[in-house]
Amino acid sequence: MYGKSPSCAGLLLLGVQLTALWPIAAVEIYTSQVLEAVNGTDVRLKCTFSSFAPVGDALTVTWNFRPRDGGPEQFVFYYHVDPFKPMSGRFKDRVVWDGNPERYDVSIILWKLQFDDNGTYTCQVKNPPDVDGLIGEIRLSVVHTVRFSEIYFLALAIGSACALMVIIVIVVVLVQHFRKKRWAERAHKVVEIKPKEEERLNQEKKVSVYLEDTD
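Residues numbered from 1 in each chain as written. Predicted model: local features only at pLDDT ≥ 70, side-chain atom pairs only at ≥ 80, totals over all residues. Heavy atoms only, no water.

Novice: Can you help me understand the sheet that holds strand β7 (residues 82–84) in this one?
Specialist: Hydrogen bonds along the backbone pair up the strands of a sheet, which may run parallel or antiparallel. Strand order in the open sheet formed by six strands is β2-β11-β10-β5-β6-β7, and the pairing between neighbours is mixed. On the outer flanks of this sheet lie β2 (33–38) and β7, each paired with one strand and no other. Averaged over all neighbouring strand pairs, the angle between strand axes comes to 20°, with direction disregarded. Pairing of strand β10 (residues 119–126) with strand β11 (residues 136–143) involves five bridges; the strand directions are antiparallel. Across the sheet, Cys123 pairs through a bridge with Gly136, a residue of β11. (Pairing = 2+ DSSP bridges. Helix = DSSP H or I, 4+ residues; strand = E, 2+ residues; numbered from the N terminus. Axes fitted to C-alpha atoms, helices over the stretch in contact; angles between N-to-C directions.)

Novice: I tried to follow the state of the cysteines on my own but got confused; where do I start?
Specialist: In a disulfide, the sulfur atoms of two cysteines are held together by a covalent bond. Throughout the structure, instances matching the rule amount to one disulfide. The disulfide partner of Cys47 is Cys123, and the S-S distance across this bridge is 2.2 Å. When the S-S torsion is -85°, as for the bridge of Cys47 with Cys123, the disulfide is left-handed. Of the two residues, Cys47 is situated in strand β4 (residues 47–50) and Cys123 in strand β10; the sequence distance between them amounts to 76 residues. The exposure class of Cys123 is buried, given its relative accessible area of 1%. (Disulfide = S-S within 2.5 Å. Buried < 20%, exposed > 50% of the residue type's maximum accessible area, 1.4 Å probe, protein only.)

Novice: It is not clear to me how the pattern of salt bridges should be interpreted in this structure. Could you clarify?
Specialist: For side chains bearing opposite charge, pairing can occur when the charged atoms are close. Applying the stated rule across the entire model yields seven salt bridges. A salt bridge links Asp116 to Arg90, with the shortest nitrogen-to-oxygen separation between them at 3.5 Å. Placement of the pair is Asp116 in the loop between β9 (108–110) and β10 and Arg90 in the loop between β7 and β8 (95–97), with a sequence separation of 26 residues. A relative accessible area of 25% places Arg90 in the partly exposed class. (Salt bridge = Lys/Arg side-chain N within 4 Å of Asp/Glu carboxyl O.)

Novice: Got a minute to help me understand a nonpolar patch on the surface in this structure?
Specialist: A surface patch of nonpolar side chains, about 380 Å² in accessible area, is lined by Val166, Ile170, Leu174 and Phe178. Within the fold, Val166 resides in helix α2 (residues 150–214). Of the residues examined, Val166 reaches a relative accessible area of 47% and is grouped as partly exposed. (Patch = residues over 30% accessible without salt bridge, like charges linked within 9 Å, V, L, I, M, F, W, Y side chains within 5 Å. Areas by Shrake-Rupley, 256 points an atom, 1.4 Å probe, with all protein chains shown as cover.)

Novice: It is not clear to me how the environment of Val61 should be interpreted in this structure. Could you clarify?
Specialist: Considering the arrangement of structural elements, one finds Val61 in strand β5 (residues 60–67). Sequence spacing of Val61 and Tyr78 is 17 residues, and the spatial spacing of their C-alpha atoms is 5.6 Å.

Novice: I would appreciate a short explanation of the sheet that holds strand β3 (residues 43–45) in the present structure.
Specialist: One open sheet holds the three strands; their spatial order is β3-β9-β8, and the pairing between them is antiparallel. Lying at the two open borders of the sheet, with one neighbouring strand each, are β3 and β8. Each strand axis lies, on average, 25° off the axis of its neighbour in the sheet, ignoring direction. When β8 meets β9, the two strands line up antiparallel, connected through three bridges. By the bridge assignment for β9, Trp97 is matched with Ile108.

Novice: What am I meant to see in the layout of surface pockets here?
Specialist: Which parts of space are left empty comes out when a probe the size of a water molecule is rolled across the atoms. Approximately 210 Å³ is the volume attributed to the largest pocket. Elements with a contribution of two residues or more to the lining of the largest pocket: β1 (28–31) and β11. Of the residues forming the lining of the largest pocket, the biggest block, four residues, is contributed by β1. Of the residues belonging to the lining of the largest pocket, the class tally is six nonpolar, four polar and three charged. (1 Å grid on protein atoms, 1.4 Å probe; cavity = no way out; pocket = protein on both sides within 12 Å on 5 of 7 lines; lining within 4 Å. Points joined across faces, edges and corners; volume = space filled by probe spheres on them. Nonpolar A, V, L, I, M, F, W, Y, C, P; charged D, E, K, R; others polar.)

Novice: Where do I start with the confidence of the model for the protein chain in this structure?
Specialist: Regions with low pLDDT carry predicted coordinates that are not meant to be interpreted in detail. For the protein chain, mean pLDDT is 81; residues scoring 70 or higher make up 73% of the total. The low-confidence segment residues 1–6 (pLDDT under 50) makes one contact with residues lying over four places distant or belonging to another chain. Predicted confidence for residues 8–23 stays below pLDDT 50, and this span has four contacts to residues more than four positions away or in other chains. (pLDDT = per-residue confidence, 0-100. Contact = heavy atoms within 4.5 Å.)

Novice: Is there a simple way to explain the packing of aromatic side chains in this structure?
Specialist: Each aromatic ring pair is characterised by the separation of its centres together with the angle its planes make. Across all of its chains, the model carries seven aromatic pairs by this definition. With centroids separated by 4.3 Å and ring planes inclined at 10°, the aromatic side chains of Tyr79 and Trp97 adopt a geometry described as stacked. You can see Tyr79 sitting in strand β6 (residues 74–80) and its partner Trp97 sitting in strand β8, a full 18 residues away along the chain. Comparing Tyr79 with Trp97, the two get one shared label, buried. Here the aromatic cluster, defined as three or more aromatic residues joined through ring pairs, consists of Phe65, Phe91 and Tyr121. (Phe/Tyr/Trp six-rings, centres within 6.5 Å; stacked < 30°, edge-to-face > 60°.)

Here's what the structure looks like:
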């Protein structure tokens, strides 16, 4: 007599139980979110991620671009085992892979920035079975010159304070040096004047004695 085959309901229940035991898979993306760079320079668009699953050959990375002034989304870069550069469009020959999947880094470098590169760059990572998760974004602003940030102002203030302290120390040392030099000169003059004064007194004394003897 043959055993009963498992029912569909039983298989479904088993699948639900296994799904409950399996952790929720989702890729976490980390980017700088806001970036500013000078026109004509190169910029690194940094994107890192974390994943429950180990990184393997199934990993895919997709970079896209949305212009600030509107328009359709444009392809920037794709990675799957090997990097794939765009064959046409604004980013042809201007973007290179600078990531290391083993270190969960999927960054790229954009060469020779132009003002029409202003916009939002999106970084999407899929690492099966981790295929869900938010897409990372970087809002790039291409400018003539980089504006001073609070860090620059803080560094400038600290540098100015240090320079002022050094100047004060130098001034104090110089003042003390000149005071010691002046005291030394005065002491030397006193030493020179004292023998002369004694000689003058001796001369006066001799004259006085001579006059007394004459009288």
